[in-house]
Amino acid sequence: MARAFVTEPSFVFADEPTGNLDEQTADEIADLMFSCCKVNQTGLIVVTHNQALSNRADYCYTMSKGKIYLKDNTLISMAGVAV
């Protein structure tokens with residue numbers, strides 16, 4: 001059976017989902033997001049400045065001065081060109 005686009009997404013995109021929340025509420029929202037995505041086998045893509053939130057991800061990328069790095073600082077892209 002095909003998955004519906006709105007009620008059963010393949011991916012959830014979240015841009016600073018906890019940015020304006022107090023620490024306790026931010027932790028609760030993060031727990032809920034990660035848990036729901038795991039239960040529903042949905043990918044979760046989060047853009048954040050929150051280091052604690054990014055540490056929860058299976059994969060983490062950083063962007064600096066037009067370059068994209070893996071969590072271990074391995075350069076993987078420069079100005080849109082894979083390296």
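Please refer to the structure placed before this passage.
Below you will find a few notes about this structure.

Parameters and conventions
Residues numbered from 1 in each chain as written. Predicted model: local features only at pLDDT ≥ 70, side-chain atom pairs only at ≥ 80, totals over all residues. Heavy atoms only, no water. Salt bridge = Lys/Arg side-chain N within 4 Å of Asp/Glu carboxyl O. Helix = DSSP H or I, 4+ residues; strand = E, 2+ residues; numbered from the N terminus. Pairing = 2+ DSSP bridges. Expected span 1.5 Å × (residues − 1). Buried < 20%, exposed > 50% of the residue type's maximum accessible area, 1.4 Å probe, protein only. Arc of directions from axis to C-beta. Contact = heavy atoms within 4.5 Å. Patch = residues over 30% accessible without salt bridge, like charges linked within 9 Å, V, L, I, M, F, W, Y side chains within 5 Å. Areas by Shrake-Rupley, 256 points an atom, 1.4 Å probe, with all protein chains shown as cover.

### Considering the pattern of salt bridges
- Inspection of the entire model under this criterion finds one salt bridge.
- One salt bridge in this structure joins D31 and R56, with 2.9 Å as the shortest N-O distance. On the criterion of sequence distance, the pair formed by D31 in helix α1 (residues 23-39) and R56 in the loop between α2 (51-54) and β3 (61-64) is long-range, its members being 25 residues apart.

### Structural notes on the pairing of strand β4 (residues 67-70)
- Pairing geometry for β3 and β4, over four bridges, is antiparallel. Residue pairing across strands places M63 opposite I68, the latter belonging to β4.
- With antiparallel pairing between neighbouring strands as the criterion, β3 and β4 make up a hairpin whose turn holds two residues, including K65 at a positive phi of roughly 50°.
- Bridge analysis of β4 against strand β5 (residues 75-78) gives three bridges, and the strand direction is antiparallel. Bridging across to β5, K67 finds its partner in M78.
- Where β4 folds back on β5, the antiparallel hairpin that results is connected by four residues, among which N73 adopts a positive phi of roughly 70°.

### Section: α1
- For α1, built from 17 residues, the straight-helix expectation of 24 Å at 1.5 Å per residue is met to within 8% by its first-to-last C-alpha distance of 24 Å.
- Looking at α1, one finds that the buried residues are A26, A30, M33 and C37. Along α1, the residues classed as buried sweep out an arc of 65° about the axis, all on the same side. In α1, the exposed positions that point more than 90 degrees away from the buried face belong to Q24, K38 and V39.
- Buried positions along α1 lie against β1 (11-15), β2 (43-47) and α2.

### Some words on unusual backbone geometry
- We note that Q41 has phi near 50°; this positive angle belongs to a residue other than glycine.
- With a phi close to 50°, K65 is a non-glycine residue in the positive phi region.
- Here K65 shows up in the loop between β3 and β4.

### Focus: a nonpolar patch on the surface
- Nonpolar side chains collect at one region of the surface, where F11, F13 and I45 lie side by side and expose about 340 Å² of accessible area between them.
- Structurally, F13 can be placed in strand β1.
- Residue class for F13 comes out exposed when judged on its relative accessible area of 63%.

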